[in-house]
Amino acid sequence: MEHEKRQIVKVINDIDELFTLVDISLNRNISFHHHLRNGDYVINYVLNKYLKEKVQGINLFPSAIFPSYTSILELIKNKQINNITTNYLNGPVAEYISNNGLEGKLTMQTHGGRARSIIEGKNKIDIAFIAAPYVNSYGDSVGYLGKNKCGSLGYSIPDSVHAKIKVLVTDNLVDLDIESPEIDGSNIDYILLVDEIGDRQGIVSGTTEVTKNPIGVKIAKNTSLLLHELGAIKHGFSFQSGAGGVSLRVTKDVRDIMIKENIKASFFSGGITKYHVDMLEEGLVEKLYDVQCFDLEAIESLSRNKMHIPISASRYANPTDESQIIKDLDIVILGATEIDYNFNVNVTTDSHQTLIGGSGGHSDTASESKICVIVSPLIKGRIPVIKERVTTITTLGKNIDCLVTERGIAINPLRKDLIKKLKNSKLKIVTIEELSRIAYKFTNIPQDIVKHDKIIGEVEDRTFEIIDNIYQK
Amino acid sequence: MSRSYLFIPGNTPSMIQNLDVFESDAVIIDFEDSVTSYDKDSARILIKNFLKKYSYKDIDLYIRINSYDSLYFLEDVKATKDLDINGYVLPKASVKAIEELNKLSSKAIIPIIESPMALLEAKEIADQENVTALLLGAEDYTKELGINRTLLGTEILYARSFIAIVARAYNIDSIDTPYTNKEDEVGLKEDSLNAKNLGFTSKSSIHPNQVDIINQVFSPSKEEITEAKRIVKKALDNTKGAFSLDGKMIDLPIIEKAKNLLDKAKKYNM
């Protein structure tokens with residue numbers, strides 16, 4: 001009965017039709033989410049229209065850029081894009097920007113920072129194009145149902161509320177009520193129907209596996225022992241680990257400790273995998289707060305388990321959101337491309353200044369968690385992970401507590417409490433400088449090749465502070 | 001008194017560089033089966049240069065050279081005899097091969113018993129100069145017998161038992177054959193316990209991820225350490241040769257065993 005009062009959202013069958021209703025040349029600040037990852041068809045579908053119409057001065061706000069988003073590269077080469085604001089990018093677009101820059105600048109935000117910017121009007125979005133796997137006529141939507149389901153739609157929620165024009169792009173319009181929709185249809189202006197929003201193979205990457213690499217296994221073992229010695233694995237603790245092989249191995253080792261010592265966690269947050277789902281179903285953790293699903297098992301769990309809860313990027317990591325989940329986060333396990341003597345971490349560029357990623361939730365979770373652990377091999381290929389100064393700061397060292405490598409553990413001197421707790425530890429606890437010297441025994445000191453001639457972008461923390469510049473290669 | 005012996009290919013720099021990371025008490029750098037014929041020289045060059053630059057005081061280092069009847073035996077020994085290693089692991093061991101190796105080097109030798117003939121010769125092999133341990137090579141052993149390996153390992157029960165007995169009789173270490181399924185942690189633990197219960201002092205492995213379990217199995221347990229401490233303490237307080245503890249008779253061999261166990265626990269920081 002209640003739905004009878006609700007407004008049916010206008011359905012559009014073609015993007016050309018949309019732009020008869022909306023002036024494309026006046027709506028050049030556009031956003032996308034990246035939940036369909038490398039299987040996304042929506043971004044290229046929409047941006048091809050901007051290419052065709054030769055729209056100039058585009059400002060792009062995708063939550064991330066993946067290698068398949070080829071239309072972005074064409075728009076950059078045509079000088080149609082002015083600025084890009086994103087949280088993560090890799091592939092050809094990243095390589096091109098590293099070498100050539102943009103007409104304007106690249107701004108690398110965090111997941112929480114992006115949500116905050118959109119909500120507070122710092123990122124002014126004209127049109128949010130939201131790929132939505134399951135939509136009803138009222139514009140309600142969830143991501144965990146439909147033929148091209150992707151799981152949580154967390155990163156698109158702020159866009160769906162605060163963009164000037166909100167367009168759901170779907171291949172699955174249903175005539176059914178949706179209980180607890182992730183996207184509230186009352187905010188939606190148009191539903192754009194397409195044949196396919198994506199390719200299933202690319203949406204679910206299938207690369208989330210626990211590492212078997214012996215160095216990774218050793219790092220994970222050191223990490224779980226460290227957390228255990230710190231007394232951090234205790235009843236009611238909360239935990240986040242990424243989908244990387246080492247992080248997942250830490251999760252497995254933590255699970256073993258939890259089973260052995262009969263410990264139950266309160267929640268896991270962030271990107272969710274089948275390993276987190278297994279632990280929920282084993283009763284080892286009470287809730288999963290899911291901002292993105294990494295595999296099919298996580299997507300299916302989201303659709304059947306009430307304790308597996310999809311959350312928006314704002315609820316996940318926006319520092320001004322009162323219900324922010326990660327403010328209660330005890331432990332986060334993160335990676336690093338580089339780390340320096342001040343514990344600053346780079347996951348944005350490689351040592352050759354090529355853009356290879358970005359913060360995502362790295363800086364957010366490091367800032368909020370009680371213990372932030374960086375896991376990394378001491379030497380990657382022939383290059384030590386520790387540098388005197390990282391090529392690009394993604395996460396400030398003041399928020400990083402521990403570096404765990406296969407050859408020892410360094411604790412940030414700012415965390416005197418942790419150092420005190422580990423005073424009599426049998427673990428190999430050394431300074432970060434000592435770890436660096438161990439690496440240099442094998443590699444010598446690599447020549448610094450970083451250029452600082454031309455700034456092409458900046459790294460913006462969730463506080464809106466610019467914490468580093470990104471330089472052209 | 002090593003618990004674990006880890007084989008690492010001699011021609012793989014990424015593994016060699018990390019040989020001290022995997023927590024194996026001993027590492028066996030392999031020049032034999034894991035190095036193809038066209039890579040034998042590069043393995044020798046790599047290891048020679050590496051061990052001239054880096055030394056390891058906390059782990060025992062061995063090189064598995066190629067067998068005496070191979071084309072590479074002499075070159076392997078010549079290239080490595082001046083390096084700071086604990087000794088050689090000698091495949092396809094025989095008394096004759098050990099004698100020849102002893103003519104070239106005075107380093108410790110761990111012969112691999114991997115043929116029925118070598119098993120029959122095990123006592124003589126154990127009695128050779130510089131021999132410090134016997135290693136069972138079950139893959140080649142069963143191949144020569146024309147039988148298949150099983151996870152249960154009943155086909156090598158006699159060989160295992162005999163080697164453990166011979167090694168103990170000659171007061172040298174016994175090293176069990178590797179468990180070849182590197183994914184199966186439960187099977188590895190069971191296999192290691194079987195070997196330990198037959199009298200093996202240690203076990204070899206072919207993958208670094210197996211070392212942890214092997215070290216756990218071949219380490220004294222907390223209960224064993226507590227018991228050994230009580231025995232040694234009571235022995236110190238006791239003037240008689242034998243005494244009773246919890247209703248059990250404790251005599252000299254049991255006291256010596258307890259002391260050995262405590263030495264092992266101390267060595268492994270337990």
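Note that this is a predicted model, so its numbers are computed, not measured. (Residues numbered from 1 in each chain as written. Chains lettered and ligands numbered in written order. Predicted model: local features only at pLDDT ≥ 70, side-chain atom pairs only at ≥ 80, totals over all residues.)

### What to know about the overall build of chain A
Here is the rule we go by: For helices the rule is a DSSP run of H or I covering at least 4 residues; for strands it is a run of E covering at least 2, with both sets numbered from the N terminus onward. Note that the radius of gyration is over C-alpha atoms, with the globule rule given as 2.2 Å times the number of residues to the power 0.38. As a rule, residues whose C-beta atom has 12 or fewer other C-beta atoms within 10 Å are exposed, those with 20 or more are buried, and those in between are partly exposed; C-beta atoms are placed from the backbone.
From N to C terminus, chain A includes 15 helices and 27 strands. Rg of the C-alpha trace for chain A: 22 Å, near the compact-globule value of 23 Å for 473 residues, within the 12% margin. Dimensions along the principal axes, computed over C-alpha positions, put chain A at roughly 70 × 55 × 35 Å. For chain A, the proportion of its 473 residues judged to be buried stands at 54%.

### Quick notes on the domain arrangement of chain B
By a frequent convention, interface size equals the accessible area lost on bringing the separate parts together. The cut-off we apply is this: Residue ranges for the domains originate in an automatic or database domain assignment.
Each assigned domain of chain B is listed here: domain 1 (4-218) and domain 2 (222-267). Between the C-alpha centres of domain 1 of chain B and domain 2 of chain B there is a distance of 32 Å.

### What to know about helix α5 (residues 111-119) of chain A
Just so we agree on the cut-off: By definition, residues are in contact whenever their C-beta atoms, placed on the basis of the backbone, come within 7 Å of each other.
Within α5 of chain A, eight of the nine residues are buried, which leaves it mostly tucked inside the rest of the structure. For α5 of chain A, the elements touching its buried residues are α6 (157-162), α12 (313-317), α13 (362-368) and β26 (455-460) of chain A.

### Observations concerning the environment of I449 of chain A
Tracing the backbone shows I449 of chain A in the loop between α15 (432-443) and β26. As a C-alpha pair, I449 of chain A and I15 of chain A span 434 residues in sequence and 46 Å in three-dimensional space.

### A few points about the sheet that holds strand β13 (residues 265-272) of chain A
All names here are of chain A. To be explicit about the condition: Think of it this way: DSSP has to see at least two bridges between two strands before they count as a pair. Angles here are taken between N-to-C directions and fall from 0 to 180 degrees, while the axes themselves are lines fitted to C-alpha atoms, restricted in helices to the stretch in contact.
If you walk across this open sheet you meet the nine strands as β15-β14-β13-β12-β16-β19-β23-β24-β25, and the pairing is mixed. In this open sheet, the two edge strands, each paired with only one partner strand, are β15 (308-310) and β25 (429-430). Both β13 and strand β14 (residues 285-293) contribute to a ladder of seven bridges, which runs parallel. Considered in β14, the bridge of A265 is made with V285. In the packing of helix α8 (residues 214-229) onto the sheet, the strands contacted are β16 (331-334), β19 (371-375), β23 (402-405) and β24 (408-411), and the crossing angle to β23 comes to about 140°. Packed on one face of the sheet, helix α9 (residues 245-260) meets β12 (238-241), β13, β16 and β19 and runs near 150° to β12.

### Things to note about the packing of helix α2 (residues 40-53) of chain B against helix α3 (residues 73-80) of chain B
Residue and element names in this part refer to chain B. The condition that has to hold: Roughly parallel here means an angle under 35 degrees, roughly antiparallel means over 145, roughly perpendicular means 65 to 115, and every remaining angle is called oblique. Crossings are sorted by hand: turned counterclockwise from the far helix by less than a right angle, the near helix makes the crossing left-handed, and turned clockwise it makes it right-handed. Three classes are used, and their members are as follows: Ala, Val, Leu, Ile, Met, Phe, Trp, Tyr, Cys and Pro are nonpolar, Asp, Glu, Lys and Arg are charged, and the others, Gly among them, are polar.
Relative orientation of the contacting elements α2 and α3 amounts to 15°, with a least axis distance of 10 Å. When the axis of α2 is compared with that of α3, the two are roughly parallel. For the element pair α2 and α3, the recorded crossing hand is right-handed. Listed contacts from α3 to R44, I47 and K48 of α2 are E75, D76, A79 and T80. In terms of residue class, the contact of α2 with α3 is built from two nonpolar, one polar and four charged.

### Looking at the confidence of the model for chain B
As a reminder of what qualifies: Each residue carries a pLDDT value, the predictor's own confidence for that position, ranging from 0 to 100.
Put simply, chain B has an average pLDDT of 94, and 100% of its residues get 70 or more. Taken over the whole predicted complex, pTM reads 0.92, whereas the ipTM for its chain interfaces reads 0.86.

### Brief notes about the sheet that holds strand β7 (residues 134-136) of chain A
All names here are of chain A. Read from one edge of the open sheet, three strands run β8-β7-β10, paired in mixed fashion. The sheet is open, and its two edges are formed by β8 (141-142) and β10 (173-174), each paired on a single side. Bridge count between β7 and β10: two bridges; the pairing is parallel. In the sheet register, N136 faces β10, and the bridge partner there is V174.

### Some points on the nonpolar core
Nonpolar side chains tend to gather and get buried jointly when the protein is soluble and globular. The line we're drawing: Only buried Ala, Val, Leu, Ile, Met, Phe, Trp, Tyr and Cys residues enter a nonpolar core, and they are joined through C-beta atoms within 7 Å.
Of all hydrophobic cores here, the largest spans 136 residues; its most connected members are V42, F129, V167, V169 and I374 of chain A. By residue number, the principal contributor to this core is α8 of chain A, which donates six residues. Among the domains, domain 1 (2-203) and domain 2 (214-450) of chain A are the pair contributing at least three residues each to this core. Residues within four places of V42 of chain A in sequence aside, it is in contact with F32, L36, F129, A131, V169 and I197 of chain A. Within the second largest apolar cluster, 61 residues are counted, among which are I85, A159, Y179 and L188 of chain B.

### Some remarks on the interface of chain B and chain A
Contacts between the two partners involve seven residues from chain B, matched on the other side by nine residues from chain A. Class assignment for the residues of the side of chain B that touches chain A results in three nonpolar, four polar and no charged.

### Topic: the packing of helix α2 (residues 42-52) of chain A against helix α3 (residues 70-77) of chain A
Residues and elements named next belong to chain A. Interaxial distance between α2 and α3 falls to 8 Å at its minimum, and their mutual angle equals 25°. In terms of orientation, α2 and α3 fall into the roughly parallel class. In this structure, α2 meets α3 at a crossing whose hand is left-handed. Facing I43, N44, L47, N48, Y50 and L51 of α2, the residues of α3 in contact are T70, S71, I72, E74 and L75. Of the residues contributing to the contact of α2 with α3, the split by class is six nonpolar, four polar and one charged.

### Re the domain arrangement of chain A
Residues and elements named next belong to chain A. What the domain assignment lists for chain A is domain 1 (2-203) and domain 2 (214-450). Centre-to-centre, using C-alpha coordinates, domain 1 lies 30 Å away from domain 2. Listed as interface residues are 29 residues of domain 1 and, on the opposing side, 30 residues of domain 2. The set of elements that each furnish at least two residues to the side of domain 1 that touches domain 2 consists of α4 (92-100), α5 and α6. Class assignment of the residues belonging to the side of domain 1 that touches domain 2 gives a composition of 13 nonpolar, eleven polar and five charged.

### Points about the pairing of strand β11 (residues 190-193) of chain A
Residues and elements named next belong to chain A. Summarising the sheet, strand β1 (residues 10-12) and β11 pair through three bridges and their orientation is parallel. Note on β11: the bridge partner recorded for V11 is I191. In the sheet, strand β9 (residues 165-170) pairs with β11 via four bridges, with the strands oriented parallel. Bridging from a neighbouring strand, T170 pairs with L193 of β11.

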